[in-house]
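Per-entry structural report
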Amino acid sequence: MALCVLSVGGCAAGPDFARPSPPPASRYTAETLPGESASADQVQHIALGQNIEGAWWSLFRSSAIDELVTQAVDHNRTLKASMATLAQAQELALARAGSQYPQVDLTGGAGRQQYGKEFLGPIGIPPFTYFAVGPTVSYALDYTGGVARSVEQQYALAEVERHQLDAAYLTVTGQAVMQTLTIASVRAQIATVETILAQDRDNLRLVQTAFEGGSVAREDVVSAQSQIANDMTLLPPLRQELAKARHALSVVLGRAPANGLPDDLDLAQITLPLQVPVSLPSELAHRRPDILAAEARLHAATSAVGVAQSNLYPKIQLTATVGQQALKGDQLFDRANNAWSIIAGFTAPIFDGGTLRAEKRAAVDAMRASAATYEQTVLEAFAQVADLLEGLDHDAEQLDAQDHAQQAAQSSLELARISYKEGNAGVLQVLDAERSYQQARLGYVRAVAQRYLDTVQLFLALGGTSPNASSGATFSQSSPLSRDAAKLRSEPPDVF
């Protein structure tokens, strides 16, 4: 037995885990995007190969966002649950690691006993009292490395939970910023609709004055009233969307929806990052939490193969006991009452109906499935980043188109109103021009908001920043407003 142990000593059953290599890709999209060659002082510039420094949300240069994210990180319940789950996994790993060492127990006992005829036959022993105390040492000889593989597996599972915590941190910070931007966006849309309603009321007063003067028919007054009623239908859905966003933000912040939230969230006060750092694909595979969690699961599955393979080998259990046994308490520690034993147990599988080999094959299949899942996770992450990079360029095109449409609709509305005042056009032409301007104005506001939201989604798809990196971020940095956000401050001119 000693020769066998020495011959396989230091070996570890099963394959050793090797960190997978990311796909050999130097970029996310097949073609160079316009944003990669754009000037950062005009439109968003995609800086491929640069990493986000500090907290990713600080790139929006908003003290309101910084404060809300800090509150979310401090009070979010999901984040606290992830922290506790990670602590649990780490303690389980430490508990499993303890099985690699000899287990030492102290036993002691006292009792009174009498043996019957079934045990001793005709030999009679009167009842006696006994006392015993001493340590017991047991050790499972891990000559195949199965125990070490199980410890490795448990630490890999703890690593999964650590990356799950990073993912929860990324989700919480992302939701805090997303809901803040949604609130600011909906508030801007509501302000736009209220401005349009104010213009509708001005139109109605103008038409009523003309009707009272006898220059227009009553149908023009009814048309103006109908326009106000139609535009009023835009407000309830927006107010409901605002309420839902506020409630969602409250949950992220770890507070009840009844508690108040800041009422000064203004999209024009949030700067769109014009310099967008985008890490290389090879770096993304080593920083995004879901990819790292899939890698840790592959590590655990690889270790499980070693555990299953070690079960095919004999088990050797060493046990040693030393102690004092006496019939009287005052004689318990006399040298003559020493008692000891050394036992080596050997258990080898001979026939189990193919159970152990089937379990090993199942572990190998699970490892292959984990490897495929890891590769799929990487590919999906690359595709998500590619979609968002394309989306940023399309957002810029959409915003530019909405800007031109808004300017054209505003010019058309001004001409229609002037023509109506001079009697060269009917009220229906004015209302049609107003409807076109309303759609263009709301479309512009939504295009601006979508650009912000897609930028947030890109930062999240890139893995954001770790909690340690975010803690050193500098908040409340001042920066000039972006061109698109500044336009949200301007109200449409009233030509009446």
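Residues numbered from 1 in each chain as written. Predicted model: local features only at pLDDT ≥ 70, side-chain atom pairs only at ≥ 80, totals over all residues. Heavy atoms only, no water.

What about the packing of aromatic side chains?
Inspection of every chain in the model, using the stated rule, returns 8 aromatic pairs. Pairing Tyr28 with Phe382 gives two aromatic rings, centres 5.9 Å apart and planes at 85°, and the pair type is edge-to-face. With Tyr28 in the loop between helix H1 (2-8) and strand S1 (45-48) and Phe382 in helix H10 (residues 355-421), this pair connects stretches of sequence that are 354 residues apart. Here Phe382 falls in the buried class, since its relative accessible area comes to 10%. Both rings, one in Trp57 and one in Tyr169, keep their centres 6.5 Å apart while their planes meet at 55°; by these two values the pair is tilted. Placement of Trp57 in the loop between S1 and helix H2 (63-75) and of Tyr169 in helix H5 (residues 146-212) is noted, with a sequence separation of 112 residues between them. Like Trp57, the residue Tyr169 is buried in the burial classification. Through a chain of ring-to-ring contacts, the aromatic side chains of Trp56, Trp57, Phe60, Tyr169, Tyr452 and Phe459 assemble into a single cluster. (Phe/Tyr/Trp six-rings, centres within 6.5 Å; stacked < 30°, edge-to-face > 60°. Helix = DSSP H or I, 4+ residues; strand = E, 2+ residues; numbered from the N terminus. Buried < 20%, exposed > 50% of the residue type's maximum accessible area, 1.4 Å probe, protein only.)

A word on the pattern of salt bridges
The full count for this structure, using the stated rule, is 8 salt bridges. Note that Glu159 and Arg162 form a salt bridge whose closest N and O atoms lie 2.6 Å from each other. One end of the pair, Glu159, and the other, Arg162, are both in helix H5, 3 residues apart, so they sit about a helical turn from each other. For Glu159, a relative accessible area of 28% gives the class partly exposed. Residues Arg205 and Asp202 are paired through a salt bridge, measuring 2.0 Å at the closest nitrogen-oxygen approach. Separated by 3 residues within a single helix, Arg205 and Asp202 lie in helix H5, roughly one turn from each other. Its relative accessible area of 48% is what places Arg205 among the partly exposed residues. Look at the salt bridges and you will find they share partners, linking Asp16, Arg149 and Glu152 into a network. (Salt bridge = Lys/Arg side-chain N within 4 Å of Asp/Glu carboxyl O.)

Quick look at the sheet that holds strand S5 (residues 315-326)
Sheet architecture is open: 4 strands sit in the order S2-S3-S5-S6, paired in antiparallel fashion. A single partner strand is all that each edge strand has here, and the edge strands are strand S2 (103-113) and strand S6 (338-347). On average, adjacent strands in this sheet sit at an angle of 20° to one another, irrespective of strand direction. Pairing between S5 and S6: 10 bridges, direction antiparallel. (Pairing = 2+ DSSP bridges. Axes fitted to C-alpha atoms, helices over the stretch in contact; angles between N-to-C directions.)

Some thoughts on the packing of H5 against H10
Where H5 meets H10, the closest approach of the two axes is 12 Å, and the angle between their N-to-C directions is 15°. Of the possible angle classes, the one that applies to H5 and H10 is roughly parallel. When the axes of H5 and H10 are compared, the crossing they make is left-handed. Facing Gln199, Asn203, Leu206 and Val207 of H5, the residues of H10 in contact are Arg417, Tyr420 and Lys421. Partitioned by chemical class, the residues of the contact of H5 with H10 number 3 nonpolar, 2 polar and 2 charged. (Parallel < 35°, antiparallel > 145°, perpendicular 65-115°, else oblique. Left-handed = near helix turned anticlockwise from the far one by under 90°. Contact = heavy atoms within 4.5 Å. Nonpolar A, V, L, I, M, F, W, Y, C, P; charged D, E, K, R; others polar.)

Some remarks on helix H9 (residues 289-310)
For H9, built from 22 residues, the straight-helix expectation of 32 Å at 1.5 Å per residue is met to within 8% by its first-to-last C-alpha distance of 32 Å. Taking burial as the measure, the 22 residues of H9 include 18 buried ones, the bulk of the element. (Expected span 1.5 Å × (residues − 1).)

Let's talk about the packing of helix H6 (residues 218-232) against helix H11 (residues 427-461)
At their nearest, the axes of H6 and H11 sit 10 Å apart, and the two run at 15° to each other. Of the possible angle classes, the one that applies to H6 and H11 is roughly parallel. When you trace H6 past H11, the crossing you get is right-handed. Side by side, H6 and H11 meet where Asp220, Ser223, Ala224, Gln227 and Asp231 of the first sit next to Val427, Leu428, Leu431, Glu434, Arg435 and Gln438 of the second. Of the residues belonging to the contact of H6 with H11, the class tally is 4 nonpolar, 3 polar and 4 charged.

Points about the environment of Gln309
If you trace the backbone, Gln309 turns up in helix H9. Taking C-alpha positions, Gln309 is 5.9 Å from Lys360, a pair spaced 51 residues apart along the chain. If sequence neighbours within four positions are ignored, Gln309 has contacts with Ala13, Gly14 and Lys360.

Some details on the environment of Leu181
Mapped onto the elements of the fold, Leu181 is located in helix H5. The spacing of Leu181 and Asp266 is 85 residues in sequence and 8.6 Å in space, taken between C-alpha atoms. For Leu181, the contacting residues outside a window of four places in its chain are Leu267, Ile270, Tyr452, Leu453 and Val456.

Remarks on the nonpolar core
In terms of nonpolar packing, the biggest core is built from 71 residues, with Tyr28, Trp56 and Leu458 touching the most fellow members. Among the secondary structure elements, those contributing two or more residues to this core are H2, helix H3 (77-97), H5, helix H7 (235-252), strand S4 (275-278), H9, H10 and H11. With 15 residues, the top contributor of residues to this core is H5. Discounting chain neighbours no more than four positions away, the residues touching Leu458 are Val276, Val278, Val385, Leu388, Leu389 and Leu392. Formed by 17 residues, the second largest nonpolar core is a distinct cluster that contains Leu204, Val221, Ala224 and Ile228. (Core = buried A, V, L, I, M, F, W, Y, C linked by side-chain atoms within 4.5 Å.)

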